[in-house]
Amino acid sequence: MSRGSRPPAPRLPTSVFGHRFRDETLLEAALSHPSSVDSSLAHLRRRYQQLEFLGDAVWNCCISEALISLLPGAPEGELSLCRARLVSAAALAELAKSLDLPPLLFLSKGEESTGGRERASILSGGFEAVIGAIYLDGGGTLIRRLARSVCDDQLPGVRLGC
């Protein structure tokens with residue numbers, strides 16, 4: 001393998017989370033965990049991290065919007081507790097698994113061999129990066145629907161603990 005490259009990746013999926021990407025470079029960056037590229041491809045590492053950063057903010061916003069809609073009389077403290085549970089690394093990792101994200105992620109051999117595909121930090125980061133990429137590629141409509149669905153499904157159990 002030459003410096004500045006990685007082993008040939010499997011074909012990119014045609015869609016992720018129900019979104020068909022117009023800009024496949026966004027999808028490739030979102031699925032490329034920083035461990036999967038060497039230092040000469042710093043731009044790809046940086047792009048993943050930027051997408052993760054954006055996806056975190058977008059997901060928090062969409063979950064917040066869904067919670068306000070579903071719990072119109074709830075005080076700020078209760079909304080904050082519910083949101084914190086729904087956006088935690090553990091919750092995002094479980095969501096990533098339920099949406100079949102783990103097999104799509106590009107990981108280094110080291111991460112792969114040490115269980116990285118099951119690690120909450122990697123799965124939650126990958127989820128956030130994909131959300132950021134979807135937002136840039138197609139806007140927030142799909143993300144809002146996904147957030148509402150998550151809240152509809154998980155809110156009763158989460159709210160008991162709030």
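To be clear, the structure that these remarks concern was listed above.
Notes on the structure follow.

Cut-offs and rules
- The residue numbers shown here count from 1 along each chain, following its written sequence.
- Predicted model: local features are reported for residues with pLDDT of at least 70 only, side-chain atom pairs are reported and counted for 80 or more only, and whole-chain, interface and lining totals are derived from all residues.
- Side-chain metrics rest on all non-hydrogen atoms present in the structure, leaving aside hydrogens and water.
- Working definition: helices are DSSP H or I runs of at least four residues, strands are E runs of at least two. Numbering for both runs from the N terminus.
- Here the term buried applies to any residue with accessible area under 20% of the maximum for its type, exposed to any over 50%, and partly exposed to those in between, with areas from a 1.4 Å probe on protein chains only.
- The directions from the helix axis to the C-beta atoms form the arc being described.
- A pair of aromatic rings is counted whenever rings of Phe, Tyr or Trp (Trp by its six-membered ring) have centres within 6.5 Å, and the orientation is called stacked for planes under 30 degrees apart, edge-to-face for over 60 and tilted otherwise.
- Throughout, an axis means a line fitted to C-alpha atoms (over the contacting stretch in the case of helices), and angles, computed between N-to-C directions, take values from 0 to 180 degrees.
- Here roughly perpendicular refers to angles of 65 to 115 degrees, roughly parallel to angles under 35, roughly antiparallel to angles over 145, and oblique to all remaining angles.
- By the convention used here, residues are in contact when the closest approach between their heavy atoms is within 4.5 Å.
- Each residue receives one of three labels: charged for Asp, Glu, Lys and Arg, nonpolar for Ala, Val, Leu, Ile, Met, Phe, Trp, Tyr, Cys and Pro, and polar for the others, Gly being one of them.
- Two cysteine sulfurs form a disulfide in these notes if their separation is within 2.5 Å.

Outside of glycine, negative phi angles account for most residues, and trans bonds account for most peptide bonds. Despite not being glycine, Phe-17 shows a phi value in the positive range, around 55 degrees. Within the secondary structure, Phe-17 sits in the loop between strand 1 (15–16) and strand 2 (19–20). Of note, the phi angle at Asp-100 is positive, near 60 degrees, even though the residue is not glycine. Tracing the sequence through the fold places Asp-100 in the loop between helix 4 (89–98) and helix 5 (109–113).

When we look at burial in helix 3 (residues 76–86), the residues that qualify are Glu-78, Leu-79, Cys-82 and Leu-86. Down the axis of helix 3, the buried set is contained in an arc of 100 degrees. They therefore lie on one face.

Here we come to the packing of aromatic side chains. Counted by the stated rule, this structure contains two aromatic pairs. Considering the side-chain rings of Phe-17 and Phe-127, the 5.5 Å spacing of their centres and the 35 degrees angle between planes classify their relative orientation as tilted. On the criterion of sequence distance, the pair formed by Phe-17 in the loop between strand 1 and strand 2 and Phe-127 in helix 6 (residues 120–138) is long-range, its members being 110 residues apart. With a relative accessible area of 15%, Phe-17 lands in the buried category. Centroid distance Trp-59 to Phe-127: 5.0 Å. Interplanar angle 85 degrees. Geometry classified as edge-to-face. Placement of Trp-59 in helix 2 (residues 42–70) and of Phe-127 in helix 6 is noted, with a sequence separation of 68 residues between them. Classification of Trp-59 by relative accessible area gives buried; the value is 1%. Members of the aromatic cluster, connected to one another through ring pairs, are Phe-17, Trp-59 and Phe-127.

At a closest axis distance of 8 Å, the pairing of helix 4 and helix 6 adopts a crossing angle of 70 degrees. One way to sum up the angle between helix 4 and helix 6 is to call them roughly perpendicular. Here Ala-89, Leu-92, Ala-93, Leu-95, Ala-96 and Lys-97 of helix 4 lie close against helix 6, whose contacting residues are Ala-120, Leu-123, Ser-124, Phe-127 and Glu-128. Residue composition of the contact of helix 4 with helix 6, by class: eight nonpolar, one polar and two charged.

Turning to the state of the cysteines, a few remarks are in order. This model, assessed by the stated rule, comprises zero disulfides. Unpaired in terms of disulfides, Cys-61 finds its nearest cysteine sulfur in Cys-62, a separation of 5.4 Å. Given a relative accessible area of 49%, Cys-61 falls into the partly exposed group. Here Cys-151 stays unpaired: no disulfide links it, and the sulfur of Cys-82, its closest cysteine neighbor, is 8.6 Å away.

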